[in-house]
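For reference, the chains in residue letters:
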Amino acid sequence: MTTPVASLPVAVPTMTLGRAWVHDLDVKMAEAKNAGYQGLEVFWEDLVYAAKKINPTSTEKDEATMLQAARYAKELCDKNGLVVMALQPFLNYDGLLDETKHQENITKLKLWFKVAKILGTDLIQVPSQMNLEGTTGNFDKLVADIREIGELGLKEDPPVRFAYEALAWGAHLDLWQQVWAVVTEVDLPNVGTVLDTYQILGRIYGDPTSPTGKQTDAEEALAASLKEMVAAAPALLPKLFYVQLSDAEFIYPPLTPTHPFYDPAQKPQMMWSRNARLFPCESDRGGYLPVDKVAKVLFEDIGYRGWISMEVFSRTMSEPGKEVPREHAQRGMKSWKAFLTQLGYNTNDD
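Residues numbered from 1 in each chain as written. Predicted model: local features only at pLDDT ≥ 70, side-chain atom pairs only at ≥ 80, totals over all residues. Heavy atoms only, no water.

1. So, the overall build of the protein chain
Threshold: The numbering of helices and of strands both runs from the N terminus, where a helix is a DSSP run of H or I of at least 4 residues and a strand a run of E of at least 2. Radius of gyration: over C-alpha atoms. The globule rule applied is 2.2 Å multiplied by the number of residues raised to the 0.38 power. Using a 1.4 Å probe on the protein chains alone, a residue whose accessible area is under 20% of its type maximum counts as buried, one over 50% counts as exposed, and one in between counts as partly exposed. The contact rule is simple, with two residues in contact once any of their heavy atoms fall within 4.5 Å. His is not counted, nor are the chain ends; Lys and Arg add positive charge and Asp and Glu add negative charge. Where a charge lies is defined by one atom per residue type: Lys uses NZ, Arg uses CZ, Asp uses CG and Glu uses CD.
If you tally the helices and strands in the protein chain, you get 11 helices and 10 strands. Computed over the C-alpha atoms, the radius of gyration of the protein chain is 19 Å, within 12% of the 20 Å expected from 2.2 N^0.38 for a compact globule of 350 residues. Seen through its principal axes, the protein chain has C-alpha atoms that stretch 55 × 50 × 45 Å. Across the 350 residues that make up the protein chain, the buried fraction comes to 56%. In the protein chain, the proportion of contacts linking residues at least 24 apart, taken out of those at least 6 apart, comes to 81%. Considering the protein chain, the positive charge centre built from 35 side chains and the negative charge centre built from 47 side chains are found 4 Å apart.

Structure representation (C-alpha cells):
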C-alpha cells in the first residue's frame, strides 16, 4: 500500500530557523521539536558557529573542534527526538579548474564524512557551482568531479550518499535536467538529486525583475519541464533523495539596482532567494509561485514518498530575538498542513 502523502516525514533546515551567528542550535532544535518536525537538514554554518562557542579561535579546518561541535549537535538532536536527514551545503565543489582548490575540497569532504557519521546521517547535499570565475561547465569535468566524491562515499561504512542540486543561479547548471544528466552519467547508487520547488520555479517561471513577476513563457516552460520530469520518473524516483518545498514573494517594485535586495555580485534568482523565500500557502506574505503544480507531479505522477524539507531563506533569518526560530518553525509546519489541504491530501487515505 502506498504511503499517504500526509504521513511523510517532514524536516526543516537549521538555517531556515535563523542564521547561526544570531540564533543558537539549542534554541532552534527545541523550536523544531515543538513545531512537530521529525528531522533536520543541518547546515555546516551552524556547526562552525557551535565550534566557535567551544573554541572562539577555531575555524572550520579545526577538525577536533568541528567533531566536538558535531557531537554537541547530535546530543541536541537526541534530546529533542530529531534525526539529521542531511548535512549541507557542500558548496562550490564541481567544475573547479584549479587542481589545488579541488584537492582542498576533497580534504574538506573527508571531514564532512566524519561529521555526517557523528550526526547519524548518510546524506550530503551538493549544490551546483555558483562561481563562474575559475570554473568550467564542461560536462565531462562535472561528471568526473561528482563521480570522484561518489566513489569516495561508497568506500565509507556506511556508504555516504550525495544529493546533487541545481541552483536557479548556478554558474553552469541551473536546471534540474542538467544536474540529472550528470547524475545519470555518473551512474553510482549513492549519487542522486534533490528537487526544490523554488529552484525549479525561480529559474523557469518566476522573474523578480519583471513587473508581472513571471517570465514571458512561464506557463509553457513549466509544463515542458514537468513533462520531462514525468518522462524521467522510472529512473529519477530511486535517485530522488528528498524534496524541498518553498515559494517566494512577489517583488514589487521589481528587483532593479535601486531595490534594497539588489546585489551586483548576485544573479536575480539568488538575491530573490536570499531575501524573499516563503513557505507554500503564504499568499498573505506575497507567495505566488505554482508550488502545487510541481508537488502534484512529484506525489502523483512520479510517486515520490520520502522526506519533505520545508526550506526557506529570508532576510528575517538574521533578525534577533528568540521569536524568530519559533515563528519560522511554526510557519513551516503550518504551511505543510495547509499545503496538504490545498492538494487534497489532508487525510491519511490520499
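From this point, the discussion proceeds with the structure in view.
2. What about the side chain of Thr 16?
Here Thr 16 lies in the loop between strand 1 (10–13) and helix 1 (25–35). Of the residues examined, Thr 16 reaches a relative accessible area of 1% and is grouped as buried.

3. Describing the side chain of Asp 196
Formally: For the purposes of these results, a polar contact is taken to be a pair of N or O atoms within 3.5 Å, where, inside protein, one atom must be able to donate a hydrogen and its partner to accept one; residues adjacent in sequence count only when each atom of the pair is a side-chain atom.
Along the polypeptide, Asp 196 turns up in strand 6 (residues 191–196). For Asp 196, a relative accessible area of 2% translates into the label buried. One polar contact links Asp 196 to Arg 277, side chain to side chain, over a distance of 3.3 Å. Excluding its chain neighbours within four sequence positions, the residues that come into contact with Asp 196 are Glu 165, Gln 244, Ser 246, Arg 277 and Glu 311.

4. A short note on the nonpolar core
Test applied: Nine residue types can take part in a nonpolar core, namely buried Ala, Val, Leu, Ile, Met, Phe, Trp, Tyr and Cys, and a core is a set of them joined through side-chain atoms within 4.5 Å.
Within the largest apolar cluster, 113 residues are counted, with the highest numbers of intra-cluster contacts made by Tyr 37, Met 229, Phe 299 and Trp 336. Apart from the residues lying within four places of it in its own chain, the contact partners of Phe 299 are Val 5, Leu 8, Tyr 304, Arg 305, Ile 308, Trp 336, Leu 343 and Tyr 345.

5. Notes on the environment of Thr 197
Here Thr 197 lies in helix 7 (residues 197–204). Along the sequence, Thr 197 and Leu 226 sit 29 residues apart, while their C-alpha atoms lie 11 Å from each other. If we ignore the near neighbours within four places in the chain, the residues touching Thr 197 are Gly 202, Gln 244, Leu 245, Ser 246, Val 291 and Val 294.

6. Some points on the UniProt feature "domain: Xylose isomerase-like TIM barrel" (unreviewed entry) in the protein chain
Quick reminder of the rule: UniProt positions are given in the numbering used here, feature names are shortened, and annotations may be inferred rather than shown by experiment.
Within the UniProt annotation, "domain: Xylose isomerase-like TIM barrel" (unreviewed entry) is assigned to residues 30–331. What you have in residues 30–331 is 47% helix and 13% strand, and the ends, taken at the C-alpha atoms, are 15 Å apart.

7. Re the packing of aromatic side chains
For any pair of aromatic rings, the description rests on two quantities: the centre-to-centre distance and the angle between the ring planes. Basically, it comes down to this: Ring geometry is summarised as follows: Phe, Tyr and Trp rings, the Trp one being its six-membered ring, pair when their centres sit within 6.5 Å, and such pairs are stacked at plane angles under 30 degrees, edge-to-face over 60 and tilted between the two. Note on criteria: charge over ring means Lys NZ or Arg CZ within 6 Å of the ring centre, with the direction from the centre no more than 35 degrees off the ring normal.
Overall, the coordinates contain 11 aromatic pairs when judged by the stated rule. With centroids separated by 5.9 Å and ring planes inclined at 80 degrees, the aromatic side chains of Phe 299 and Tyr 345 adopt a geometry described as edge-to-face. Of this pair, Phe 299 sits in helix 10 (residues 291–301) while Tyr 345 sits in the segment after helix 11 (323–343), and the two are 46 residues apart along the sequence. The ring of Phe 241 carries Arg 161 above its face, with NZ or CZ at 4.7 Å from the centroid. Above the ring of Phe 313, the side-chain terminus of Arg 274 is found at 5.1 Å from the ring centroid.

8. With respect to helix 1
Rule in force here: Along the arc lie the directions from the helix axis toward the C-beta atoms.
Along helix 1, the positions that sit buried rather than exposed are Leu 25, Lys 28, Met 29, Glu 31, Ala 32 and Ala 35. Buried residues of helix 1, seen end-on, are gathered within an arc of 160 degrees and therefore sit on one face of the element. Along its buried surface, helix 1 packs onto strand 1, strand 2 (39–43), helix 2 (44–54), helix 3 (63–79) and helix 11. The first or second residue beyond helix 1 is Gly 36, which carries a positive phi of 105 degrees.

9. Here we look at helix 2
Those residues of helix 2 lying buried are Trp 44, Glu 45, Asp 46, Leu 47, Val 48, Ala 50 and Ala 51. Looking at the buried residues of helix 2, the elements they touch are helix 1, strand 2, helix 3, strand 3 (83–88) and helix 4 (99–119).

10. Re the packing of helix 7 against helix 9 (residues 268–276)
Test applied: Fitting a line to C-alpha atoms yields each axis, with helices limited to the stretch in contact; the angle taken between N-to-C directions then spans 0 to 180 degrees. Angles below 35 degrees are treated as roughly parallel, those above 145 as roughly antiparallel, those between 65 and 115 as roughly perpendicular, and all remaining angles as oblique. Crossings are sorted by hand: turned counterclockwise from the far helix by less than a right angle, the near helix makes the crossing left-handed, and turned clockwise it makes it right-handed. For this scheme, ten residues count as nonpolar: Ala, Val, Leu, Ile, Met, Phe, Trp, Tyr, Cys and Pro. Four count as charged, namely Asp, Glu, Lys and Arg, and the remainder, Gly too, count as polar.
Contact geometry of helix 7 with helix 9 gives a least axis separation of 10 Å together with a crossing angle of 140 degrees. Our classification of the angle between helix 7 and helix 9 gives oblique. In terms of crossing hand, the pair formed by helix 7 and helix 9 is right-handed. Note on element contacts: helix 9 touches helix 7 through Gln 269, Trp 272 and Ser 273, opposite Tyr 198, Gly 202 and Arg 203. Of the residues in the contact of helix 7 with helix 9, the class split is 2 nonpolar, 3 polar and 1 charged.

11. What about the pattern of salt bridges?
Filter applied, for reference: Note on definitions: salt bridges are taken to be side-chain nitrogens of Lys or Arg within 4 Å of carboxyl oxygens of Asp or Glu.
With the rule as written, the count across this model stands at 19 salt bridges. With a closest N to O distance of 2.6 Å, Lys 74 and Asp 78 form a salt bridge. Here Lys 74 and its partner Asp 78 are both found in helix 3, 4 residues apart, which amounts to about one turn of the helix. Residues participating in the shared-partner salt-bridge network are Glu 282, Arg 285, Glu 327 and Arg 331.

12. Quick notes on unusual backbone geometry
Negative phi is the rule for most residues except glycine; trans is the rule for most peptide bonds. A cis amide bond links Gln 88 with the next residue in sequence, Pro 89, at an omega value of -10 degrees. Structurally, Pro 89 is set in the loop between strand 3 and helix 4. Of note in the backbone geometry, Asn 92 takes a positive phi value of approximately 50 degrees without being a glycine. Its place among the elements puts Asn 92 in the loop between strand 3 and helix 4. Under the relative-accessibility criterion, Asn 92 is labelled buried at 18%. Of note in this structure, Asp 187 is not a glycine but carries a positive phi near 55 degrees.

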